[in-house]
Amino acid sequence: MIFASCSILYAAELDSDEIQAQKDGLAYWSQLADRAASLPEDEMIERLSSGLFKTTLTPIFTGVPERSEVANKLKMTLLSIPGHAKFYQDKIERLRAQALVDAKRSDAEIMRMRADHTMVEFGDYERFREDAFTVLALLPSSETVEVLSHFLDDPEGMKKRHLSDDERSGGDYRPFPTNARASAIALSKLGIENAPVQMAGNRDFYDFAPTEELDAWKAWWSNVKEGKRTYRFIGSNVEYGPDGPVSTVKQRRQEMPGSSIGESTSNSTRSTTVPWIVAILATCVACVVAAWCIVRMKSRRV
């Protein structure tokens, strides 16, 4: 409510030129969504994500009502791209690995790489993973759930150390959560129905995620992977398993608890076998009747 109130006040202070500038900005992001398919995949995902972040989590466009429409357009475009979440997983792991390698280079190499902007610093990795989990929390999809669940087991930082081996906390400074805890928070913001941890959608990433919450999500995902449960997003009737939407057979079995795949197959076999048996019997009877008629006609001639 505080954010909404500030948005209203902010909008009231805008003059006509500023409102037009915001509309022009939204038009740019809307057009980007329209031509996203013409961009290289990585660039497409990063630019659409930037637009989604700006139209959703910042007050930049709060002066115009088209904001929510454009934000939704950007989100739906992102969700339609295979790999929209896996992109973040791959880049987090790639930057982490490169930052560890580059940190061990000689001073001369580090100076040269910084000069030509090829050095991957620990700060580069930290900034990207913060952006990544923030964006992933806005993308409710089975791919996002799979990626976030992957990071639930990430050990980095769980011993109160940064990747750089610096202390994770000190004084009043509260760093961005570890990958594991950030994943738990992002999962709680996706809108999963009957989630193991119920949290408000506007939850801040800098709110601490206790170990009990992390363990609850790990147990939940373990049940999904083992086929013990499915999940869906609030407002959707699509059920998901570890590999995406569940099969029609599995959906039918879940809707009818007394049935099983074996029973479905058996019933299906019986339903297709019975008509064939009837047809064969009818053909046999017709042949017998025809033969009998022929014999009678011959006997009459004699």
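Preceding this section is the structure that the text describes.
Residues numbered from 1 in each chain as written. Predicted model: local features only at pLDDT ≥ 70, side-chain atom pairs only at ≥ 80, totals over all residues. Heavy atoms only, no water.

1. Things to note about the pattern of salt bridges
Next, step 1: Inspection of the entire model under this criterion finds 15 salt bridges.
Next, step 2: Shared partners join several salt bridges into a network, and the residues in it are Arg96, Asp154 and Glu156. (Salt bridge = Lys/Arg side-chain N within 4 Å of Asp/Glu carboxyl O.)

2. Considerations on the nonpolar core
Next, step 1: In this structure, Leu48, Phe133, Val145, Ile192 and Trp217 are the most contacted members of the largest nonpolar core, which totals 59 residues.
Next, step 2: Counting only elements with at least two residues in this core, the list comes to helix H2 (16–34), helix H3 (41–56), helix H4 (67–79), helix H5 (86–102), helix H7 (122–136), helix H8 (142–151), helix H9 (179–189) and helix H10 (211–225).
Next, step 3: Apart from the residues lying within four places of it in its own chain, the contact partners of Leu48 are Leu32, Ala33, Ala36, Leu74, Thr77, Leu78 and Ile81. (Core = buried A, V, L, I, M, F, W, Y, C linked by side-chain atoms within 4.5 Å. Buried < 20%, exposed > 50% of the residue type's maximum accessible area, 1.4 Å probe, protein only. Helix = DSSP H or I, 4+ residues; strand = E, 2+ residues; numbered from the N terminus. Contact = heavy atoms within 4.5 Å.)

3. Structural notes on the packing of aromatic side chains
Next, step 1: Tallying each qualifying case throughout the model produces 11 aromatic pairs.
Next, step 2: On the numbers, 5.7 Å between centres and 65° between planes, the contact of Phe233 with Tyr240 is edge-to-face.
Next, step 3: Tyr240 gets classed as buried once you look at its relative accessible area, which sits at 15%.
Next, step 4: These aromatic residues form a ring-pair network of at least three members: Trp217, Trp220, Trp221, Tyr231, Phe233 and Tyr240. (Phe/Tyr/Trp six-rings, centres within 6.5 Å; stacked < 30°, edge-to-face > 60°.)

4. Concerning the packing of H3 against H5
Next, step 1: Following both chains from N to C, one finds H3 and H5 inclined at 100°, their axes separated by 11 Å at the closest point. In terms of orientation, H3 and H5 fall into the roughly perpendicular class. Where H3 abuts H5, its residues Asp42, Ile45, Glu46 and Ser49 lie against Phe87, Tyr88 and Lys91.
Next, step 2: In terms of residue class, the contact of H3 with H5 is built from 3 nonpolar, 1 polar and 3 charged. (Axes fitted to C-alpha atoms, helices over the stretch in contact; angles between N-to-C directions. Parallel < 35°, antiparallel > 145°, perpendicular 65-115°, else oblique. Nonpolar A, V, L, I, M, F, W, Y, C, P; charged D, E, K, R; others polar.)

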